[in-house]
Amino acid sequence: PILFEMEKRGILLDLVLLDSLRDQVENYLVNFKSKLIEIQGNPSFNINSPKQIETYLFETLAYSPIKITKTGKRST
């Protein structure tokens with residue numbers, strides 16, 4: 001019943017706060033990606049590439065995969 005009332009009436013959002021949170025998260029992600037690339041040591045490293053992440057984690061750093069997928073790939 002509570003969710004129904006919320007859907008029927010709507011809710012108020014603090015858009016200024018949401019914008020601020022979005023900016024903070026975006027800045028954090030930019031810094032985080034930069035640090036990952038710096039640690040990895042290759043400026044052309046694509047952190048959005050599961051294959052490159054897999055190679056770096058399991059071959060370069062020699063981490064053991066926790067799970068291997070049905071196709072035999074190491075889960076990142």
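Please refer to the structure placed before this passage.
If you're wondering where the values come from, they're calculated on a predicted model, not measured in any experiment.

Undergrad: How would you summarise the overall build of the protein chain if you had to cite specific residues and measurements?
TA: For the protein chain, the helix and strand inventory stands at 3 helices and 0 strands. Along the protein chain, helices and strands appear, N-terminal first, in the series α-α-α. For 76 residues, the compact-globule estimate of 2.2 N^0.38 gives 11 Å, and the protein chain exceeds it by more than 25% at 20 Å. Each principal axis of the C-alpha atoms in the protein chain carries an extent, and together these give about 55 × 30 × 15 Å. The buried share among the 76 residues of the protein chain stands at 8%. If you take every contact in the protein chain between residues at least 6 apart in sequence, the share linking residues at least 24 apart comes to 3%. As presented, the protein chain carries roughly 6900 Å² of accessible surface, and 61% of it is formed by carbon and sulfur atoms. Taken as two groups, the 10 positive and 9 negative side-chain charges of the protein chain have centres that lie 10 Å from each other.

Undergrad: So what's going on with a nonpolar patch on the surface? Residues and values would help.
TA: A contiguous nonpolar patch, built from Ile 2, Leu 3, Met 6, Ile 11, Leu 13, Leu 15, Leu 17, Leu 18 and Leu 21 and spanning about 920 Å² of accessible area, is present on the exposed surface. Among the elements of the structure, α1 (2–9) and α2 (15–40) are those that each provide at least two residues to the nonpolar patch. At 4 residues, α2 tops the list of elements feeding residues into the nonpolar patch. Examined against the element boundaries, Leu 21 turns out to sit in helix α2.

Undergrad: Any details on helix α3 (residues 50–60)? Residues and values, ideally.
TA: Looking only at α3, the buried set comprises Glu 54, Tyr 56 and Phe 58. Ala 62 sits one or two positions beyond α3 and adopts a positive phi of about 60°.

Undergrad: Summarise the packing of aromatic side chains; cite the residues concerned and give the values.
TA: Considering all chains together, one arrives at 2 aromatic pairs under this definition. The interplanar angle of 15° and the centroid separation of 5.9 Å between the aromatic rings of Tyr 28 and Phe 32 together place this pair among those described as stacked. Note that Tyr 28 and Phe 32 are positioned in helix α2 at a spacing of 4 residues, about one turn of the helix. The exposure class assigned to Tyr 28 is exposed, which follows from its relative accessible area of 54%.

Undergrad: Help me get a handle on the pattern of salt bridges, residues and values and all.
TA: For the structure on display, the rule yields 8 salt bridges. Across the pair Asp 19 and Arg 22 runs a salt bridge whose closest N-O atoms are separated by 3.2 Å. Here the residue Asp 19 and the residue Arg 22 both occupy positions in helix α2, the gap between them amounting to 3 residues, near one helical turn. Looking at Asp 19, the relative accessible area reads 37%, which means it is partly exposed. The exposure class of Arg 22 is partly exposed, given its relative accessible area of 42%. Its salt-bridge partner being Arg 22, residue Asp 23 comes within 3.3 Å of it at the nearest N-O pair. Bridged by salt links that share partners, the residues Asp 19, Arg 22, Asp 23 and Glu 26 form one connected network.

Conventions adopted
- Residues numbered from 1 in each chain as written.
- Predicted model: local features only at pLDDT ≥ 70, side-chain atom pairs only at ≥ 80, totals over all residues.
- Heavy atoms only, no water.
- Helix = DSSP H or I, 4+ residues; strand = E, 2+ residues; numbered from the N terminus.
- Rg over C-alpha atoms; globule rule 2.2 N^0.38 Å.
- Buried < 20%, exposed > 50% of the residue type's maximum accessible area, 1.4 Å probe, protein only.
- Contact = heavy atoms within 4.5 Å.
- Areas by Shrake-Rupley, 256 points an atom, 1.4 Å probe, with all protein chains shown as cover.
- Lys, Arg positive; Asp, Glu negative; His and termini not counted.
- Charge placed at Lys NZ, Arg CZ, Asp CG, Glu CD.
- Patch = residues over 30% accessible without salt bridge, like charges linked within 9 Å, V, L, I, M, F, W, Y side chains within 5 Å.
- Salt bridge = Lys/Arg side-chain N within 4 Å of Asp/Glu carboxyl O.
- Phe/Tyr/Trp six-rings, centres within 6.5 Å; stacked < 30°, edge-to-face > 60°.

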